[in-house]
Amino acid sequence: MKPLIELKNITYRAHDKNILSIPHFQIPEGELLGIMGPNGAGKSTLLKVMALLDSPASGEILYRGQAVPNGTPSLDLRRKFSVALQQSLLLEGTVYQNIAIGLKLRKVPKSVIKEKVNLWMEQFQISHLAKKNAHFLSGGEAQRVNLARAMIVEPEILFLDEPFSALDFPTKIKLMDDFKGIIKDSATTTVFVSHDLMEINYLTNTLAIIVNGEVKQYGPTQRVLEHPNLATSPFLNEWKKFYPMSFRHEKPLSLTR
Ligand SMILES: Nc1ncnc2c1ncn2[C@@H]1O[C@H](COP(=O)(O)OP(=O)(O)O)[C@@H](O)[C@H]1O
Ligand SMILES: [Mg+2]
């Protein structure tokens, strides 16, 4: 199968410093891909480049085999992507209005918008918040609205940058659990950036570890976590010391130090 997104010889520079250096990377359709790495490794920069929100210094990005003209993706192409960040950045207005915004911009008929907003509020268990001012939500509620807003436009690919990192632990695991069901049902190709081993292990099938702007390891999540290489073990082994084993899912990891 053709990859949905392919990166070729991508570099990104800021202040004369190389932030990213990616000779080749691809995201197959239907993938639930994790991107993990230390603080400052370049995860968010890579996400922004792949989501066409920022242009690389050099290299080529292909979407379904077609080169994206550097820096100028068409509106059509942009609308195939959804992005949700750590900060939910909700707009003035109600929860309903916030979730409806993507469809409104696409000039979807009001009756269809209503149907879909109701459906996605139900999926994320926030129907009771429909009329609430989005600026008065708890962190967990706001992130549910944020994710519903990203999913309602039925993107071909969903980009998530640390969406659970600011949440307290019980709120995080409840939302991650709900989200896992939703994303599996929708089969949306998803790129999930996180520095957190528990989140990555729980949500992703495939994992890329990025260190100093380079992809140092790539493969099935379980295998990468079980067998860090020389470049990724300093980072992964720190996590393994503290990883709460009781939250492992499905196949147990055999974590050895
Ligand atoms: N526009 C920019 N200007 C200056 N430095 C930047 C810019 N964007 C990213 N960086 C730097 O690039 C590195 C990677 O940043 P980032 O992608 O945010 O890392 P991560 O998300 O893995 O924590 C950091 O050292 C950051 O300070
Ligand atoms: Mg980041």
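These numbers were taken from a predicted model, which means no experiment stands behind them. (Residues numbered from 1 in each chain as written. Chains lettered and ligands numbered in written order. Predicted model: local features only at pLDDT ≥ 70, side-chain atom pairs only at ≥ 80, totals over all residues.)

Colleague: Run through the overall build of the chain, naming residues and quoting values.
Modeller: Scanning the chain from terminus to terminus reveals nine helices and 10 strands. Taking 2.2 N^0.38 as the reference for a compact globule, 257 residues should give roughly 18 Å; the C-alpha atoms of the chain span a radius of gyration of 18 Å, in line with that estimate. Seen through its C-alpha atoms, the chain measures out along the principal axes to roughly 55 × 45 × 40 Å. The 257 residues of the chain split such that 39% are buried. Counting contacts in the chain only where the partners sit at least 6 residues apart, residues at least 24 apart contribute 68% of the total. (Helix = DSSP H or I, 4+ residues; strand = E, 2+ residues; numbered from the N terminus. Rg over C-alpha atoms; globule rule 2.2 N^0.38 Å. Buried ≥ 20, exposed ≤ 12 C-beta atoms within 10 Å, placed from the backbone. Contact = placed C-beta atoms within 7 Å.)

Colleague: Explain the sheet that holds strand S6 (residues 81-85) residue by residue, including any values.
Modeller: If you trace the six strands from one edge of the open sheet to the other, you get S6-S7-S8-S3-S9-S10, paired in mixed fashion. Among the strands making up the open sheet, the edge pair consists of S6 and strand S10 (214-220). Going across the sheet, the axis of each strand differs from the next one's by a mean of 15°, ignoring polarity. Strand contacts of helix H1 (residues 43-50): strand S3 (32-36), strand S7 (157-161), strand S8 (189-194) and strand S9 (206-211), with the helix running at about 155° to S8, the strand carrying the most contacts. (Pairing = 2+ DSSP bridges. Axes fitted to C-alpha atoms, helices over the stretch in contact; angles between N-to-C directions.)

Colleague: So, the site of ligand 1: which residues are in play, and what are the values?
Modeller: As a matter of local geometry, ligand 1 sits amid Ala 14, His 15, Ile 19, Gly 37, Asn 39, Gly 40, Ala 41, Gly 42, Lys 43, Ser 44 and Thr 45. For the shell around ligand 1, the element with the most residues is H1, which contributes three residues. Broken down by class, the residue content of the shell around ligand 1 amounts to three nonpolar, seven polar and one charged. (Near = placed C-beta within 6 Å. Nonpolar A, V, L, I, M, F, W, Y, C, P; charged D, E, K, R; others polar.)

Colleague: Can you lay out the packing of helix H3 (residues 95-105) against helix H5 (residues 139-151) for me, pointing to particular residues and giving the numbers?
Modeller: Helix-helix packing is described using two parameters, namely the angle between the two axes and the distance between the axes. Contact geometry for H3 and H5: axes closest at 7 Å, N-to-C directions at 25°. The angle between the axes of H3 and H5 places the two elements in the roughly parallel class. As H3 runs across H5, the sense of the crossing is right-handed. Where H3 approaches H5, its residues Val 95, Asn 98, Ile 99, Ile 101 and Gly 102 are matched on the opposing element by Val 145, Ala 148 and Arg 149. Taken together, the residues of the contact of H3 with H5 break down into five nonpolar, two polar and one charged. (Parallel < 35°, antiparallel > 145°, perpendicular 65-115°, else oblique. Left-handed = near helix turned anticlockwise from the far one by under 90°.)

Colleague: Explain the confidence of the model for the chain to me, and be specific about the residues and the numbers.
Modeller: Looking at the chain as a whole, the pLDDT averages 91, with 93% of positions reaching at least 70. Here residues 251-257 is modelled with pLDDT under 50, and outside its nearest four sequence neighbours on either side it reaches 11 contacts, counting other chains as well. (pLDDT = per-residue confidence, 0-100.)

Colleague: Run through the sheet that holds strand S5 (residues 66-67), naming residues and quoting values.
Modeller: In space, the four strands of this open sheet follow the order S2-S1-S4-S5, with antiparallel pairing throughout. Two strands bound the open sheet, and with one partner strand each, they are strand S2 (17-28) and S5. Where strand S4 (residues 58-63) meets S5, two bridges bridge the pair, whose relative direction is antiparallel. Each bridged residue has a counterpart across the sheet, and for Leu 62 the counterpart in S5 is Ala 67. Contacting strand S1 (3-14) and S2, H1 crosses the sheet at an angle of about 125° to S1.

Colleague: Tell me about the environment of Ala 134, and please be specific about residues and values.
Modeller: Tracing the sequence through the fold places Ala 134 in the loop between helix H4 (110-123) and H5. Here the alpha-carbon distance between Ala 134 and Tyr 96, two residues 38 residues apart in the chain, equals 8.8 Å. Once residues lying within four places of it in the same chain are set aside, the contact partners of Ala 134 are Leu 90, Leu 91, Gly 93, Thr 94, Val 95, Asn 98 and Val 145.

Colleague: Break down the nonpolar core for me, citing the residues and quoting the values.
Modeller: If you look at the biggest cluster of nonpolar residues, it comprises 69 residues, and the most contacted ones within it are Ile 35, Ile 99, Val 145, Ala 148 and Val 191. Here this core gets six residues from one element, more than from any other, and that element is H5. Apart from the residues lying within four places of it in its own chain, the contact partners of Ala 148 are Ile 99, Trp 120, Met 121, Gln 123, Phe 124 and Ile 126. (Core = buried A, V, L, I, M, F, W, Y, C linked by C-beta atoms within 7 Å.)

Colleague: Explain H3 to me, using residue names and the numbers behind them.
Modeller: In an α-helix, one turn spans 3.6 residues; hence positions three or four apart end up facing the same way. Taken together, the buried positions of H3 are Val 95, Tyr 96, Asn 98, Ile 99, Ala 100, Gly 102 and Leu 103. Packing partners of the buried residues in H3 comprise H4 and H5. Where H3 ends, the next residue or the one after it, Lys 107, has phi of about 60°, a positive value.

Colleague: Tell me about the packing of H3 against H4, and please be specific about residues and values.
Modeller: Where H3 meets H4, the closest approach of the two axes is 10 Å, and the angle between their N-to-C directions is 130°. As judged from the angle between their axes, H3 and H4 are oblique. Relative to H4, the crossing made by H3 is right-handed. In this structure, H3 uses Tyr 96, Ile 99, Ala 100, Leu 103 and Lys 104 to contact H4, whose residues at the interface are Ile 113, Lys 116, Val 117, Trp 120 and Met 121.

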